[in-house]
Structures are given as C-alpha cells and as structure tokens.
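Each chain, written out:
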Amino acid sequence: MGRRLILDINILIAYERGAIDRSALDDDELAVAAVSIAEYRVGIELADTAVRAADRSRSLSAMTSVLDVLDYTESTAVYHARLIAASRRIGRHRGAHDLIIAAHAAETGRIIISRDSKVRLADLPDDLALEP
C-alpha cells in the first residue's frame, strides 16, 4: 500500500476533467472529507445543463466507489477546534472547509493533496495528530 491521502475538492475536479494522471494514485489509500462531497455536489446543482449535471453526478458516483468518505464526527470536531484555535493564535484566517479537511487529515494520519496554493496549512502545529 502507498500513501494515506485525503483529496481536496480541486483534485476531485481535476480527476473528473482528466487533468491529473489517475494512475499516479493507484497504490495509495484515498479518502475525501464529506464536506468535499458537498462542495462537489454544489457543482452538480449549479451545472448549466442537465447533461452536465448528469455527467458530474456519474463522475462523483465513480469516485466515491473507490474513495473512503470521511464523516465529521465528535473526534473530528476536536481536531477542527484545535486547528481553528491555532489559526487564530497565529492570526491567519483559514477557510472553514479547508480546516475540516485538515482536521480529517490530522485525525486519520493522512496527507492532504490539493492544487490550491492558498490553503497553506504548513504553519499549523504538527502535534495535532495525537489522540484528542
């Protein structure tokens, strides 16, 4: 087994569009946060045609058949709260969804894969991976 990864929404979109080498992730254990599924579903709801909505829906079904979808649990909430507090302490605002994904990563020992250069989570504490 390869790396334990959690995929950000932009990776799901790139996957749908064929903009990433899908085989590069074949050996990895892949997961996605439920909040990323919600973000993807917004794209389905806002699709400009019924055909595009159906295509996106099929893509999502195909992806979720091979991804672990991580639910937001009480344990996730503990990690999430720690990340919010750490962000506030250092004076750097982070998106709520980004911090939820980071909380899942910390909770499950996964690496976040994202194409979003604005996320910048490296300055948050490393010790969040400890049991809550």
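Residues numbered from 1 in each chain as written. Predicted model: local features only at pLDDT ≥ 70, side-chain atom pairs only at ≥ 80, totals over all residues. Heavy atoms only, no water.

**Quick look at the environment of Val-35**
Relative to the elements of secondary structure, Val-35 occurs in helix H2 (residues 34-45). Placed 62 residues apart in sequence, Val-35 and His-97 show a C-alpha to C-alpha distance of 6.7 Å. If sequence neighbours within four positions are ignored, Val-35 has contacts with His-97, Ile-100 and Ile-101. (Helix = DSSP H or I, 4+ residues; strand = E, 2+ residues; numbered from the N terminus. Contact = heavy atoms within 4.5 Å.)

**As for the pattern of salt bridges**
Enumeration according to the criterion identifies six salt bridges in this entry. The closest approach of N and O atoms between Arg-58 and Asp-55, which form a salt bridge, is 2.3 Å. With Arg-58 and Asp-55 both in helix H3 (residues 50-64) and three residues apart, this pair spans about one turn of that helix. For Arg-110, the salt bridge goes to Asp-68, with nearest N and O atoms at 3.9 Å. Of this pair, Arg-110 sits in the loop between helix H5 (96-108) and strand E4 (111-113) while Asp-68 sits in strand E3 (residues 68-70), placing them 42 residues apart in sequence. Looking at Asp-68, the relative accessible area reads 40%, which means it is partly exposed. Overlapping salt bridges bring together Arg-4, Glu-29, Asp-68 and Arg-110 as one network. (Salt bridge = Lys/Arg side-chain N within 4 Å of Asp/Glu carboxyl O. Buried < 20%, exposed > 50% of the residue type's maximum accessible area, 1.4 Å probe, protein only.)

**Structural notes on the sheet that holds E3**
Overall, parallel pairing links the four strands, which are arranged E3-E2-E1-E4 in an open sheet. Each edge of the sheet is formed by a strand with only one pairing partner; in this case those strands are E3 and E4. Recorded for the sheet is a direction-independent mean angle of 35° between the axes of neighbouring strands. Inspection of the sheet shows strand E1 (residues 4-7) paired to E4 by three bridges, in the parallel sense. Directly across from Leu-5, in E4, lies its bridge partner Ile-111. (Pairing = 2+ DSSP bridges. Axes fitted to C-alpha atoms, helices over the stretch in contact; angles between N-to-C directions.)

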